[in-house]
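Close look at the chain arrangement
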Amino acid sequence: MMTNSSTKTIYGFSYLRVAACLAIVTLHTVYAANVYFGDTLSARQNALSRMVENCMMWAVPSFLMITGALLLDTEKEITFKKLFGKYIWRMVTALFVFTMIFRAFDMIMDEEAMGWRAVLQGVQEFFTDSSWGHLWYLYLLIGLYLLLPFYKRIAAHSTGRELRYLLIIYVVFLSLLPLIEAWGINCGFYICGALIYPFYLFCGYMIHQSILRVRTAAAWRLTAVSTVLIAVLTKVRWDTGMELMEAFWSYSSILVILQTVGIFALLENWKTEGKPRLNWIIEKLDNCSFGVYLIHMIFVRLVLRYGGFDPYEHGGFLGFMALIIGIFMVSFAIIWGLKKIPGVKRVL
């Protein structure tokens, strides 16, 4: 969702962003369908839906890995003026604008009274992160951007061995030990870092700079094994009712980490030579990916919640595919048009 570090398009990242954006639309569509129509589902339908949701958890970490690969590049200078005037300003503006858009949408669809109280509620939702759930990613980016100058110094002045050590510390303390604790085994050792997300920044940077090498065969194995394990464990979780197993598909899960690393390594090095027409299409889709992320939930709610369309009853797998592709393409078309408006492009 972020711009490239130079004027040259890195098509591997474009393919990855488009794939991740589709994965997010899939995740939110299937999740919403399960929320609205879950009471009518069989155990098999519920398990399959949960498998699809959990196997899409690599999408947001992939965006973070691209951000790290581009912005932690030691050759890319980011002044405080650029940091606050471009990156943070864009996120804060998009966050405020879409919080108010979603507030207005809710008011119209739920027939709430208009007035200053509603506007103030929108401002409160903006400040407290109580608007639509998918906006959490923008709050996350703002926090990461605020610390970016320090992350860049770590990347620029650390050896490859030191950076690999940093990744190991993140995985052990923020992925593996919490997984053990979820099963009732408490560990007294910890580091003063509560979130896994900086790991993805540094990991994306290291793979892109070949500090951490993930060859194609290894990437395929990581992707296949982790995805199969997530799917199998999801079925076990819903067959047994063991809620502790939810830790296996959080963003700090070792399985999601390995899946994301595998997919990132595969698509970053995707062979794009000799595909000018496809590259052109992917680039156009990529340029609208951030806007699609922001706006797609409007159509998810319109179709599923307010339209009452139940894809489980209308087409099943094919119904879901048509719905996901339709939401993605309608969102893309609207964002493509909005980006033609002067000033809007800087936000979307």
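Data block above holds the structure.
The rules behind the values
Residues numbered from 1 in each chain as written. Predicted model: local features only at pLDDT ≥ 70, side-chain atom pairs only at ≥ 80, totals over all residues. Heavy atoms only, no water. Helix = DSSP H or I, 4+ residues; strand = E, 2+ residues; numbered from the N terminus. Polar contact = N/O pair within 3.5 Å; in protein donor to acceptor, adjacent residues only side chain to side chain. Contact = heavy atoms within 4.5 Å. Phe/Tyr/Trp six-rings, centres within 6.5 Å; stacked < 30°, edge-to-face > 60°. Buried < 20%, exposed > 50% of the residue type's maximum accessible area, 1.4 Å probe, protein only.

Comments concerning the side chain of serine 175
When you line up the elements, serine 175 lands in helix 8 (residues 160-181). Within the structure, the side chain of serine 175 is placed 2.5 Å from the backbone oxygen of serine 252, a separation counted as a polar contact. If we ignore the near neighbours within four places in the chain, the residues touching serine 175 are Tyr170, Ser252, Ser253, Ile254 and Ile257.

Topic: the packing of aromatic side chains
Evaluation of the coordinates by the stated rule reveals 18 aromatic pairs. Arranged with centres 5.6 Å apart and planes meeting at 80°, the rings of tyrosine 151 and phenylalanine 202 form a pair that is edge-to-face. You can see tyrosine 151 sitting in helix 7 (residues 148-157) and its partner phenylalanine 202 sitting in helix 9 (residues 197-208), a full 51 residues away along the chain. Assigned by exposure class, tyrosine 151 and phenylalanine 202 land together as buried. Where tyrosine 170 meets phenylalanine 199, the ring centres are 6.4 Å apart and the plane angle is 75°; that geometry is what we call edge-to-face. Separated by 29 residues along the polypeptide, tyrosine 170 in helix 8 and phenylalanine 199 in helix 9 bring together distant segments of the chain.

A short note on the environment of valine 97
Looking at the element boundaries, valine 97 is found in helix 4 (residues 80-109). For the pair valine 97 and glycine 122, spaced 25 residues apart in the sequence, the C-alpha separation amounts to 9.8 Å.

A few points about unusual backbone geometry
Negative phi values dominate among residues other than glycine, just as trans dominates among peptide bonds. The phi angle at aspartate 129 is positive, at roughly 55°, despite the residue not being glycine. Along the chain, the position of aspartate 129 falls in the loop between helix 5 (116-128) and helix 6 (136-146). The exposure class assigned to aspartate 129 is partly exposed, which follows from its relative accessible area of 35%. Of note in this structure, serine 210 is not a glycine but carries a positive phi near 60°. A relative accessible area of 37% means that serine 210 is categorised as partly exposed.

Function cannot be inferred from these measures alone, as they are strictly geometric.
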